[in-house]
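A closer look at the structure
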Amino acid sequence: MAGFRDALLSARSPGHVLPFRRTVRRSHPPGPHAPDRIRHHRTIFISDVHLGTRGCKAESLVDFLHRNHCQTLYLVGDIVDGWRLRNRWFWPLAHSHVMQAILGMIDNGTRVIYVPGNHDAFFRSYCGREMAGITIQHEAVHETADGKQLLVIHGDRFDAVIVSARWLACLGDWAYAATLQLNELCHAFRRFFGLRDWSLASYLKQTVTNALEYICRFEEAVAADIRARGFDGVVCGHIHHAAIRTIGGVLYLNDGDWVESCTALVEDARGHLEILRWASAGTAILPASAAGAADDLAAVILA
Ligand SMILES: [Mn+2]
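Residues numbered from 1 in each chain as written. Predicted model: local features only at pLDDT ≥ 70, side-chain atom pairs only at ≥ 80, totals over all residues.

Details of the overall build of the protein
- The helix and strand inventory of the protein stands at 10 helices and 13 strands.
- The buried share of the protein, taken over its 303 residues, is 35%.
- Sequence separation of 24 or more characterises 68% of the internal contacts of the protein that already satisfy a separation of 6 or more. (Helix = DSSP H or I, 4+ residues; strand = E, 2+ residues; numbered from the N terminus. Buried ≥ 20, exposed ≤ 12 C-beta atoms within 10 Å, placed from the backbone. Contact = placed C-beta atoms within 7 Å.)

In structure tokens:
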């Protein structure tokens, strides 16, 4: 009894609050009551949900959103898969539950920012507008609690850079920037003439045979651009490969996907960033590093 009282008193003193929280989160495997605990984050970033496809782990995402609250939620692209839905309508109830969970968060005061990706590029026509309380932006700038400026983008614009990486290395910065613009022009042209978005990602999948090589090229291309634009770091998705890395002095953060790995990037009140892997509905969260790294390569789904 006395031990219990001492524990309460020590937890109440300011000096002990932080280590107590840390111990629960990091050092021990989650206890039997952990799944019922709601976690509060400053920011949550998720992407590549691919609603409208069979691969989407909608139930897990709903579970995650119910058990993780935040002040700001960034939807970092490919939330709805318009490419697949155009061919065949697939929308089980769980996919509507994801939308309801997000709208519920808005009702509870969460700010939601949607940065469309290539599979939900149709939302890019609405950039600068607000729909159902969700702000749609081409890209966003997020300032962390400790003052870091992070650019939030989906990342598909870098596909073009990866295809011609060797050429660009010879030609220099102007060619690099030109390729990025050419890629966007190409997409705008195809949209104007009502052509299907050509999947550069599918093309890449055939040409870049080594998935690891693709990931490295993507990460380096993104980091180089972010450095040139003067940001401290970037939050992106697109390659379905969650990561927190420092590349050439900038922070590269990828929030992963909800097709295979069920990962989210979260920021706490002090600006600490962490990747969470939501194992499955009703089970506890694990830091992404603790989950099997070996299947990460297999999780790369480009289109
Ligand atoms: Mn994408």
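As for the nonpolar core
- Counting 55 residues, the largest nonpolar core has Leu-75, Val-76, Val-222, Val-234 and Val-235 as its most contacted members.
- Considering every element that reaches this core, the biggest residue donor is helix 10 (residues 211–228), with seven residues.
- Leaving out residues up to four positions away in the same chain, Leu-75 has contacts with Ile-46, Ser-47, Val-112, Tyr-114 and Val-115. (Core = buried A, V, L, I, M, F, W, Y, C linked by C-beta atoms within 7 Å.)

Some remarks on the pairing of strand 9 (residues 243–247)
- Judged from the five bridges that link them, strand 9 and strand 10 (residues 250–254) form a sheet pairing that is antiparallel. Directly across from Arg-245, in strand 10, lies its bridge partner Tyr-252.
- What sits between the antiparallel neighbours strand 9 and strand 10 is a turn of two residues, in which Gly-248 has the positive phi angle 55°. (Pairing = 2+ DSSP bridges.)

Comments concerning unusual backbone geometry
- Of note in the backbone geometry, His-50 takes a positive phi value of approximately 55° without being a glycine.
- Even without being glycine, His-238 reaches a positive phi, approximately 75°.
- Here His-238 is to be found in the loop between strand 8 (233–236) and strand 9.
- Accessibility expressed as a C-beta count within 10 Å gives 27 for His-238, which makes it buried.

Some thoughts on the packing of helix 3 (residues 58–67) against helix 5 (residues 93–107)
- Relative to each other, helix 3 and helix 5 sit at 15°, their axes nearing to 8 Å. The angle between the axes of helix 3 and helix 5 places the two elements in the roughly parallel class. Viewed along their axes, helix 3 and helix 5 form a crossing whose handedness is left-handed. Listed contacts from helix 5 to Ala-58, Glu-59, Leu-61, Val-62, Leu-65 and His-66 of helix 3 are Ala-94, His-95, His-97, Val-98, Ala-101, Ile-102 and Met-105.
- Here the residues of the contact of helix 3 with helix 5 sort into nine nonpolar, three polar and one charged. (Axes fitted to C-alpha atoms, helices over the stretch in contact; angles between N-to-C directions. Parallel < 35°, antiparallel > 145°, perpendicular 65-115°, else oblique. Left-handed = near helix turned anticlockwise from the far one by under 90°. Nonpolar A, V, L, I, M, F, W, Y, C, P; charged D, E, K, R; others polar.)

Examining the sheet that holds strand 6 (residues 140–143)
- Strand order in the open sheet made by the five strands is 6-7-8-10-9, with mixed pairing throughout. One side of each edge strand has no neighbouring strand; the edge strands of this open sheet are strand 6 and strand 9. On average, adjacent strands in this sheet sit at an angle of 25° to one another, irrespective of strand direction.

Some words on the confidence of the model for the protein
- Here the protein averages 78 in pLDDT, and 66% of its residues register 70 or above.
- Across residues 1–33 the pLDDT falls below 50, and counting only partners more than four positions away or on other chains, this stretch makes six contacts in the model.
- Contacts for the low-pLDDT stretch residues 288–303, under 50 throughout, to residues beyond four places or in other chains number 30 contacts. (pLDDT = per-residue confidence, 0-100.)

Side note on helix 5
- Between its first and last C-alpha, helix 5 extends 21 Å over 15 residues, near the 21 Å set by a 1.5 Å rise per residue.
- Listing the buried residues of helix 5 in full gives His-95, Val-98, Ile-102 and Met-105. The buried residues of helix 5 all sit within an arc of 75° when viewed along its axis, so they share a single face. In helix 5, those exposed residues whose orientation departs by more than 90 degrees from the buried face are Leu-93, Gln-100 and Asp-107. (Expected span 1.5 Å × (residues − 1). Arc of directions from axis to C-beta.)

Focus on the environment of Arg-111
- Within the fold, Arg-111 resides in strand 3 (residues 111–114).
- The partly exposed category is assigned to Arg-111, around which 15 C-beta atoms lie within 10 Å.
- In this structure the C-alpha to C-alpha distance between Arg-111 and Gln-71, which are 40 residues apart in sequence, comes to 6.2 Å.
- Excluding anything up to four places from it in sequence, Arg-111 contacts Gln-71 and Thr-72.

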